[in-house]
Each structure stands twice: as structure tokens, then as C-alpha cells.
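The residues making up each chain are set out below.
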Amino acid sequence: MVYTTKSSQQFAAIYQPRLMPPPLEISEVASSILVDEKPIPAVEIRSTGDVILDVSFENTYACNKSIPSDDIRKWRMSKTKPPSPRVLYRVRLETLKKNSKYFQHLLGPTFAEGGLIKEAYTRLAEANLNPTEIEAEKLPRIKIVDEDVATKTAGRESIFGDMLRIMHGAEHVTKPITLNCLAVLVVMADRYNTMPTIARYFQRTFINFKYPVTVDKKAEETLRQKILIFYHTEQALRFASATRELILRGSSKWLGVEEAATDFQTAWWDLPDGLESELAHRRACVLRTISSVQMQCLALYASKERQCRLGYESSGPCDSFQLGEMIKFLTKKDLLSLIPFQAVSPEDSEYIWPDAYNGDIEALIILLRQCPSYQINKHHTHCGLRTKLLPALEYIKSCIEAGVGIRLGRSKLDWSSDSWVVKDGSKTAKKAFWVPGQGGNDPDIDGSKGREFDFAKAKGKSTWGMSELGGEKASKTLFTAARWNWLREPEPEDRSKSMFRPTLD
């Protein structure tokens, strides 16, 4: 990283207001500065700037986006690598250090760059020159390399210029502003440690920005960009809604499939501060809870305990009939797989192991609700899976709507205090120990006894999802349980339709 005091003839070139196509054009009067006898585009963020940021934007074939968006298509058609422009920005040193901890450290006395700037200012003072009034060629120049790893977006120089303008109290000039522009701005603000300034600008300027609607799983990258933006700019309500959507729809990153090395490398494909693992864990918790409903019903009807409470001679056959119909329905919907008893190696390529459900959770609930009311005869109107399944699914759905998304507190990091993941070393985690058992067996006793959710103890249906705070607590209680008991008496108004005391029609 160097500085320069080389003087050269300064000339101006006025460009039309456009975004950044190659060669670089910026929506303002731009100039060039000769560096090593080559003209380098220069952008005047402040006419009274006292330092030059010499930024090289390195782009590779891995770039899959551009600003403007059409440029990437042109480069791919011509089979050329996106250009890697070099741009000089005239800025105020104290403004950079005030709004960015990155520049505060880089341009301070600790690093060589700060020392070079101090030496340059000393020479200018000896020549009775004020850095805020001299030509840009005479100012100290600091080199920075900005790689494309975090965003895979060419054309970042226009967004970098906007970030500097916002730090200097000006407005952005890039038009039109797209979701990808905002995502790149947030990623840059995070890298250069100026997020508080950018977050305040977002809340003032982009509060009414129309974020694209993500209607299906194909728009996952768009959804992830929104989550990253909402998180860093502390838009709590939007963040809770977007994280809930990703939990319900699932992520191609969580499937464990082999992807290209560059597919998941951008910042929004690895959400920060533990969010990525938290979201994946919450989805797994919700799916495990839904699965427990059908598994308990299957276990009840496969047990020796009589489930049909009518007391008829047909009650025994009714249980067998319901068990068979359950298995038939669930296997038909690919929600249950029957595994043969013989041992099969997991590495056996000829055996097809059932895949875990990776679809939309809301679609899964709709699928389960399609379970018909099977009857062995006209008297058994309230026997079987549907009577037990629907109340449980309704409660699960209310908990999903009320509290499955991640909510931010006063600080964006406050969400971790309400994480669903039990971290090692936390107060709730206890060390497992061993005790001697009967018959010489040594059972493993886990110190953190798994909590059981009892549906019978849940509040009445009229209160489900009423309070956001209560909804979050009920949601976490339900989905983080170790075991579930879904047996429940109906609400008082529905007691005539009791699943345990069915009546004749």
C-alpha cells in the first residue's frame, strides 16, 4: 500500500448518468489521475477530501451477478472474464475513521498506512499546502483490494462509492437500486465495519423499498439476501417473517447434496452469528414434532391397548382396520417407509433408503390434513387417525405462525439468548453420568432429562397464537421437547365428538 505525490495534468470527463458498465461510468462528474503514466478513473466523494483510496475490484469467472444486471449476460456470451476495474476515491480521512472501525485501525498509527499518511501530511505542511485544497494527484494514496468472494458480483465499485457517500452524509447515486445492490451494500458495510451508519441510512431511505416476493423454493437466494439485509439493518419484523419462511421451505444447502464449490460461497449462503445453524435446527425441530404425531398414533393402534372405546364386538377389528388404513394413507403420501427386517449395509448401492422430507412444512401439514375419516362401519364415526391428528396439527400450525421465526431484541445479537440450540457449557446443559443397572447392564443416564410436551396441558384453543410473547414461548416449548404426548380431550364445546368417547349418530 503506497501513497503518491506525483503531479500530472488533471482533466475532467463528464459521463451520462448510468450504472457501471465497462469501462467505468459513474453518475457524476468523474476525473482521471495519472498513476504510473496510466489514467485511473477518480471519483470525488468530497471536493475537500484529504486522502485517496486506491481500490482494485478483483473479479473472476466465479462472478454470477453484475451491477447493472445485464452485464453478466454480455460477458458470458462473449466468454470473457468480467473486468477488474481500479478506481480512486477522494475522501475525508477523519470522516472515514469516525464512521468505520476498519479505516480507524487501517489509517491510524498502528498500521503502516497511517504512518505513510502522517509523513505525507508533514511534507505538505512544510510546503505550506492544505490537503483539503490541493489537487488530488498530490494527496497520499492508500491501496485496497476488494475481492469478489463474498458477493460474486461484478460492478461493486458503484456500491463502494455509495457506501463512502453515505459515510460522508450524502445520498447514494446508483440507480435503479435492486435487491442485489442492497445486499452488496450490506456485505461491504459489514466488511468495512461501518454497519451502524449504513443501517441508519437504510431505515431512513429504504424503509419503503419493495422487496421481491419469494413465492417458492426456487427463490431461495433472494430470500437469503433479504434475511441478511434485515438482520444487519435490524428490521425486526421483516427478519422474523423471512426467517420463518426459510425454516418452513427449507434450504438446498441443508440437504447435504454435493454442489459446485462456488454455489454456496457468497455471504448470504452462510448467514452470520450462528443464524445458519439455528435456522436449520429449528426446521429439524418442527419436522420432528410433526412426525411425532403420526408415530404416536401408529404406536397406539399397534399396541395391545384398545383404542376404540365404543365397547362393541367390532371394537377390536376397528383398531386393526384403522391401523391398516393409517399405514396405507401414510405410505401412499410418502410419509412412511416400511423397512425390511433383514440387515442391510448403508453402503449397499442396490438398496434405496428413504429420503428425509425436504419439502415445504406448510404443504406437509396440508398433506396430513387430507387423511380421511375411515370407518369400519357406520357406527364408528370418530375412530382413527383423523380425529387425533387434526387438533394436534392445528396447534402446531398456530405455534409455527406465532413463534418459529427468529425475533431480534434491542440488539441484533439478542436473539441468541432465546436460541433453540442448547449450547455446551450453558446452565441448562448437564454432564451425563453412569450408574450400575440390574443384570450387569450399565444404562447411560443423561443429566439433562428430556422434557416432555403434554398436549392435554396446553391452554384452550381460543388462546392459541394470541400473544406474540406467549406464542414464542409456547412455540419453543413445543418444538424443543424431547418427547410428545398428543392425547387430549376435546374442547368443552366439542365434547360430544370426543375421540375417546365417541357416540352413535
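Residues numbered from 1 in each chain as written. Predicted model: local features only at pLDDT ≥ 70, side-chain atom pairs only at ≥ 80, totals over all residues. Heavy atoms only, no water.

1. Quick word on the packing of aromatic side chains
- Tallied over the full model, the rule gives 17 aromatic pairs.
- Pairing phenylalanine 453 with tryptophan 486 gives two aromatic rings, centres 5.5 Å apart and planes at 55°, and the pair type is tilted. Placement of the pair is phenylalanine 453 in strand β11 (residues 452-454) and tryptophan 486 in the segment after β12 (483-485), with a sequence separation of 33 residues. The exposure classification of phenylalanine 453 matches that of tryptophan 486, with both residues buried.
- Put simply, the rings of Phe57, Tyr89, Tyr102, Phe103, Phe160 and Tyr192 pair up and form one aromatic cluster. (Phe/Tyr/Trp six-rings, centres within 6.5 Å; stacked < 30°, edge-to-face > 60°. Helix = DSSP H or I, 4+ residues; strand = E, 2+ residues; numbered from the N terminus. Buried < 20%, exposed > 50% of the residue type's maximum accessible area, 1.4 Å probe, protein only.)

2. Let's talk about unusual backbone geometry
- With an omega of 0°, the peptide bond running from isoleucine 67 to proline 68 counts as cis.
- Relative to the elements of secondary structure, proline 68 occurs in the loop between β5 (65-66) and α1 (71-78).
- For the bond from lysine 175 to proline 176, the omega torsion is -10°, close enough to zero to count as cis.
- With respect to the helices and strands, the residue proline 176 is situated in the loop between α5 (156-167) and α6 (179-191).
- Residues other than glycine seldom take positive phi values, yet aspartate 36 does so here, at roughly 55°.
- Structurally, aspartate 36 can be placed in the loop between β2 (29-35) and β3 (38-44).
- Of note in this structure, aspartate 334 is not a glycine but carries a positive phi near 60°.
- Inspection of the secondary structure puts aspartate 334 in the loop between α11 (315-332) and α12 (361-369).

3. Regarding the nonpolar core
- Grouped together as the largest cluster of nonpolar side chains are 100 residues, with contacts concentrated most on Leu53, Tyr89 and Phe160.
- Considering every element that reaches this core, the biggest residue donor is helix α10 (residues 275-302), with 11 residues.
- Sequence-distant contacts of leucine 53, defined by excluding residues within four places in its chain, comprise Val87, Leu88, Tyr89, Val91, Leu96, Phe103, Ile142, Ile144, Phe160 and Leu164. (Core = buried A, V, L, I, M, F, W, Y, C linked by side-chain atoms within 4.5 Å. Contact = heavy atoms within 4.5 Å.)

4. Quick look at the confidence of the model for the protein chain
- Across the protein chain, pLDDT averages 81, with 78% of residues at or above 70.
- Segment residues 1-29: pLDDT under 50, and 74 contacts once partners within four positions in sequence are set aside and those in other chains are kept.
- Every residue in residues 493-505 scores below 50 in pLDDT, and together they form 27 contacts with partners more than four places removed in sequence or on other chains. (pLDDT = per-residue confidence, 0-100.)

5. A word on the environment of threonine 132
- Considering the arrangement of structural elements, one finds threonine 132 in the loop between α4 (112-126) and β7 (141-147).
- For the pair threonine 132 and aspartate 50, spaced 82 residues apart in sequence, the C-alpha to C-alpha distance is 5.0 Å.
- Within polar-contact distance, the side chain of threonine 132 engages the side chain of asparagine 130 at 3.0 Å. (Polar contact = N/O pair within 3.5 Å; in protein donor to acceptor, adjacent residues only side chain to side chain.)

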